[in-house]
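Fold and contact review
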Amino acid sequence: MSQDKSREFLHSGNDKDKFKFFFKATLLQQVNDLLQSIYEQLRSANALVDELEATIKPIEKELNELQVKIKNMEHIEEISQQVQQLKKKLAWSWVYYVDKQLEDQSMKISKLKDRIPACQDKIEQKLVKVESLRDLFTKKKAQIAHMMQKTSEVRRKQDDLRHSLSLATKHKLELEEQHGRETKRIQNMLKRSSSLQQEVQAIQEQHVKNTQAEESEIEEKLKELQCMVDDAHSTLLRLKEEERVLSESVSEGMNEMRKINEEILNYEKEEREIRGTIQQFRQHKTNKVTAFGGDKVIHLLHIIERCHQKFTKSPIGPIGAHLTLVNGDTWAPAVENAIGRLLNAFIVTNHRDMNLLRDCAREAKYSNLQIIIYDFSRPRLNIPPSMLPQTNNPTAFSVVHSENDTVLNVLVDMGSAERLVLVENYNVGKAVAFDQKIPHLKEVYTLDGYKMFARGSVQTVLPPNKNFRTGRLCSSYDHQIKNLEQRMSDFKMSAEECRKRKRAMEANLQDAQGDLKKLKERCLVAERVVATKTLELKDLKKSYSTETSPPAASTVDELHQEISKLQEEIQERKSFLEKLRVKRDEAEAKALDLKLSFENLCESAKGDLDAFEEAEGELMKIEKDLQDAEAEKAHYENIMTNKVLPDIKVAEAHYQELEEQRKESSKKASIICPETDIEALGGWDGSTPEQLSAKLNRLSQRLQHESQWCSDSIDDLRMLYEKKQRKILRKQQLYQGFREKLKACQEALDLRQNKFQRNSALLKRQLTWNFNGHLGKKGISGSIVVNYEEKTLRVEVKMPQDASSSTVRDTRGLSGGERSFSTLCFALALHEMTEAPFRAMDEFDVFMDAVSRKISLDTLVDFALAQGSQWIFITPHDISMVKHGERIKKQQLAAPRS
């Protein structure tokens, strides 16, 4: 650092020059230049690969066209084979179709002939049955003739209701039939609409096939519009990518903000809980009994005192109020964890006292009160040492004391306190509970809340209960209150720090959201441009399509109109169908009402009509059986005369005709191909000649149409395709390898670019920290603001409070000594960030006063000793003030001759 360099830096007011000085000193300039040169080389390499790939594009296009032609030729050959096979199947389908008819007709004749003896037997059986039923009917009719007069009125009503019910049922059936007809009609109309839509689709497909190539002028316009659309789309994609990156940044900020809010809420929650605990401890400090039930236990004790005469012996409780700890509060948390469930309990001497105490608790509104029945007259238990756990650690029973023997007995009998061992930490507890196999040991409790026990071979460790209350047995609450207040203060400070972070993050997030809003507006403008160009492209294509295909469009419009008319008629039919359904439901309800009326009438006259109805029912049954028998007899006679015999004659005549037809069809089919060819094709699949003929016509038309467009041989096309493919295969593989290598290089460059940006940010922070640290030795504070985007560096210095409270943003506003010292601090900050075996400074203190020179020299010497590299300081001033040391050498030259 020479005098000229110092003067130049001190008097320079250009922030960009300062940035260049910093950028070169930290070697960031060299790394940035290397990254930029690599980026340019990758871009040129990508352009070169693009040019290489473009050289084989025409051949690839020819390969695609050849592949399409080959597929079309294969499809044509396949259709031709299908046509030949269909012709053979059609010829023999007439023979097989007649064979099936002959088989059906033979079975029909056999069935008809089998019906003759069966019909004759049925006629004779029905004749015997008719004669017997006529005799029985005559007798039963004479029996109930005299009963008719008594029940004429009831019968008349029943007949009227029955007639009405019959009419209602008939009307309901008519409506159901009409409903079914309308449903079928709607289904037929839907099928017609579907067929019209299929016809529209077929016309459109035919129109696409018949469309000729576009004119050259329209193609040029379409290409120009397509290029414009592609450019606008690429711009939109770039803006979308920027928007996505910024949105992710905003989302991360929002997530961080949410986490900070959760931290603040947790701190506030902890503060509220601690404040509540402090209030409880202050209440316990006033009255210790409130620690074992709160205000409710005080109220309960007052009620017990008022009603003490009703008890056999006054209850003892709460148990915790009668206990004290031995030798201080050391084991208080472990004791409460061990026997805490018994501390709120009361002790009574019998069941009657328990009921009385329960009533008192109900009066005090103290629910879920634990009550223990124990004999008060029993002396204090004497536990032999052999029944206690053999360990050096205390038990819960050994660290508590009570003046009441009953309380201690309850702890032993109900809580097994003598078998509950207390330890200091988890490791000791684990050794006592599981490793030492101590007899008479039930459970182990640690000071930090762990509970351990073993049951046979099963070892159990329960973690601390966060909601468990401790400190109730402590002799003094002041220390606990003080600790809780300190914790509450710490939580307040932590919450305030989170709020400061939140405010800073809100400001940054607001700026980012503003940038995101602007970027979204730019994306919207780009989307509008893309949409406009796309619509222009579609309109051009649509106009061209309209000019070249007016007949197809008119036909499709007519079909669409017919489909619309069908749909309107379907809607009308559906509304009429809904009305029919309503009428049908009404008729059904009416029939149900009539049926219920008929049943009610029959039930009301059941006593008088039972006998008559029984006889009449028998008569009706006989009459019905007689009618059925006569009808069946007439039916079988009619079948024999008018159906069975004539049907047999007609079936036999039809069978003869089919045999003649079969001979003729077989003769014609044999001319086309032998029957073995049909068997080789899989035989007859049951298709009718009409179906096969229609399918053959469709395939023939399709074959004729597609053969017009393909005249080359498929073998020639395949050979040409393989030849062209071999020609460019090696180049495709080579260019693909180039692409993969360039992609790997680009990913590595991106990774190094990210690391470079991160290191730049860290160096900027380190420079500010070092600069401010060196300034502090003279009582000055300051910072260095580095902006990599604008490539500027600004030095800010704040003078001591006794001199000035303003911040100097330009070193030219400082005195000469202050500027020199600030420059020296900046140079030292840069030295800490670089490595060099030799360093030199020439006349660095020429502008400083004596005090600044002394501080600067001491700072430089201390810094050089700490760094370990070799330094050379050249100054025209006195250096006697520099301290001596093993690693410090001073050389003072004699004054020059005058």
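The present account deals with the structure reproduced in this document. Computed from a predicted model, the values in this text were never measured in an experiment. (Residues numbered from 1 in each chain as written. Predicted model: local features only at pLDDT ≥ 70, side-chain atom pairs only at ≥ 80, totals over all residues. Heavy atoms only, no water.)

1. Observations regarding a positive patch on the surface
Taken together, K723, R726, K727, R730 and K731 make up a surface patch of like positive charges. Assignment of secondary structure puts K723 in helix α17 (residues 714–775). Residue K723 is classed as exposed on the basis of its relative accessible area of 57%. (Patch = residues over 30% accessible without salt bridge, like charges linked within 9 Å, V, L, I, M, F, W, Y side chains within 5 Å. Areas by Shrake-Rupley, 256 points an atom, 1.4 Å probe, with all protein chains shown as cover. Salt bridge = Lys/Arg side-chain N within 4 Å of Asp/Glu carboxyl O. Lys, Arg positive; Asp, Glu negative; His and termini not counted. Charge placed at Lys NZ, Arg CZ, Asp CG, Glu CD. Helix = DSSP H or I, 4+ residues; strand = E, 2+ residues; numbered from the N terminus. Buried < 20%, exposed > 50% of the residue type's maximum accessible area, 1.4 Å probe, protein only.)

2. Comments concerning the side chain of N32
Here N32 is to be found in helix α3 (residues 28–55). On the accessibility criterion, N32 (18% relative accessible area) is buried. The contact partners of N32, leaving out residues within four places of it in the chain, are F23 and F756. (Contact = heavy atoms within 4.5 Å.)

3. What about the pairing of strand β9 (residues 781–787)?
The two faces of β9 differ: G782, I784 and V786 on one face are buried, but S781, S783, V785 and N787 on the other face are not. Linkage of β9 to strand β10 (residues 792–798), two consecutive antiparallel strands, is achieved through a turn of 4 residues, within which K791 is found at a positive phi near 60°. (Pairing = 2+ DSSP bridges.)

4. Re helix α11 (residues 426–435)
Listed as buried for α11 are G429, V432, A433 and F434. Along the axis of α11, the buried positions cluster into a sector of 165°, meaning they face one direction only. Exposed residues pointing more than 90 degrees away from the buried face of α11 are listed as N427 and D435. Next to the buried residues of α11 lie β5 (420–423), β6 (443–446), β7 (451–455) and β8 (458–462). By the N-cap criterion, in which a side-chain oxygen at the helix start approaches the backbone nitrogen of a residue two or three places on, α11 is capped by N425, the distance to N427 being 3.3 Å. Just beyond α11, the residue with positive phi is K437, at close to 55°. (Arc of directions from axis to C-beta. Polar contact = N/O pair within 3.5 Å; in protein donor to acceptor, adjacent residues only side chain to side chain.)

5. A short note on the sheet that holds β8
Strand order in this open sheet of 4 strands is β5-β6-β7-β8, and the pairing throughout is mixed. Of all the strands in the sheet, the pair left with one neighbour each is β5 and β8. Each strand axis lies, on average, 20° off the axis of its neighbour in the sheet, ignoring direction. In the sheet, β6 pairs with β7 via 2 bridges, with the strands oriented antiparallel. Paired with Y445 across the strands is K451, a residue of β7. Against the sheet, α11 touches β5, β6, β7 and β8, its axis set at about 15° to β7. (Axes fitted to C-alpha atoms, helices over the stretch in contact; angles between N-to-C directions.)

6. A look at the nonpolar core
Formed by 33 residues in total, the largest nonpolar core has its most connected members in I319, L323, V335, I339, I347, L411 and L422. When contributions to this core are tallied by element, the ones reaching two or more residues are α8 (332–339), α10 (405–413) and β5. Judged by nonpolar contacts, the second largest core, of 27 residues, contains F23, V786, M799 and F826. (Core = buried A, V, L, I, M, F, W, Y, C linked by side-chain atoms within 4.5 Å.)

7. Re the pairing of strand β12 (residues 838–842)
In the case of a regular strand, side chains alternate between the two sheet surfaces. The alternating pattern of β12 places R839 and M841 on a buried face and F838, A840 and D842 on a face that is not buried. Across 5 bridges, the pairing between β12 and strand β13 (residues 870–874) is parallel. The residue bridging D842 from the neighbouring strand is I874, located in β13. For the handedness criterion, the β-α-β arrangement of β12, helix α19 (residues 850–867) and β13 is classed as right-handed. (Right-handed = clockwise from strand over helix to strand, strands pointing away.)

8. What to know about the environment of S249
The topology assignment puts S249 in helix α6 (residues 216–286). For S249, a relative accessible area of 39% corresponds to the partly exposed category.

9. Some details on the packing of helix α2 (residues 15–25) against α3
Across the interface, α2 lies against α3 with an axial gap of 5 Å and an inter-helix angle of 80°. Put simply, α2 runs roughly perpendicular to α3. Contacts between α2 and α3 involve F22, F23 and K24 from the first element and L28, Q29 and N32 from the second. (Parallel < 35°, antiparallel > 145°, perpendicular 65-115°, else oblique.)

10. Focus on the packing of helix α7 (residues 295–306) against helix α9 (residues 351–363)
Contact pair α7 / α9: the axes reach a minimum separation of 9 Å and the direction vectors enclose 130°. Here α7 lies oblique to α9, going by the angle between them. The two elements α7 and α9 meet at a crossing, and its hand is right-handed. Taking contact as the criterion, the partners of H299, L300, I303, I304 and R306 in α7 are, on α9, L357, C360, A361 and E363. Within the contact of α7 with α9, the residues separate by chemical class into 6 nonpolar, 1 polar and 2 charged. (Left-handed = near helix turned anticlockwise from the far one by under 90°. Nonpolar A, V, L, I, M, F, W, Y, C, P; charged D, E, K, R; others polar.)

11. With respect to the environment of Y366
Relative to the helices and strands, Y366 is located in the loop between α9 and β3 (371–373). The class of Y366 is buried, set by a relative accessible area of 13%. Separated by 71 residues in the primary sequence, Y366 and D295 have C-alpha atoms spaced 9.7 Å apart. When near neighbours in sequence (up to four residues on either side) are disregarded, Y366 contacts F292, G293, K296, V297, L300, N344 and A361.

12. A look at the packing of aromatic side chains
Remark: the centre distance and the inter-plane angle together describe each pair of aromatic rings, the angle taken between the planes. Under the defined criterion, the tally for this structure stands at 8 aromatic pairs. Ring plane angle 80° and centroid distance 6.0 Å describe the contact between F19 and Y788, whose orientation is recorded as edge-to-face. Here the residue F19 occupies a position in helix α2, and Y788 occupies one in the loop between β9 and β10, the gap between them amounting to 769 residues. On the basis of relative accessible area, F19 is assigned to the buried category, the value being 4%. Three or more aromatic residues link up through ring pairs in this structure, and these residues are F19, F22, F23 and Y788. (Phe/Tyr/Trp six-rings, centres within 6.5 Å; stacked < 30°, edge-to-face > 60°.)

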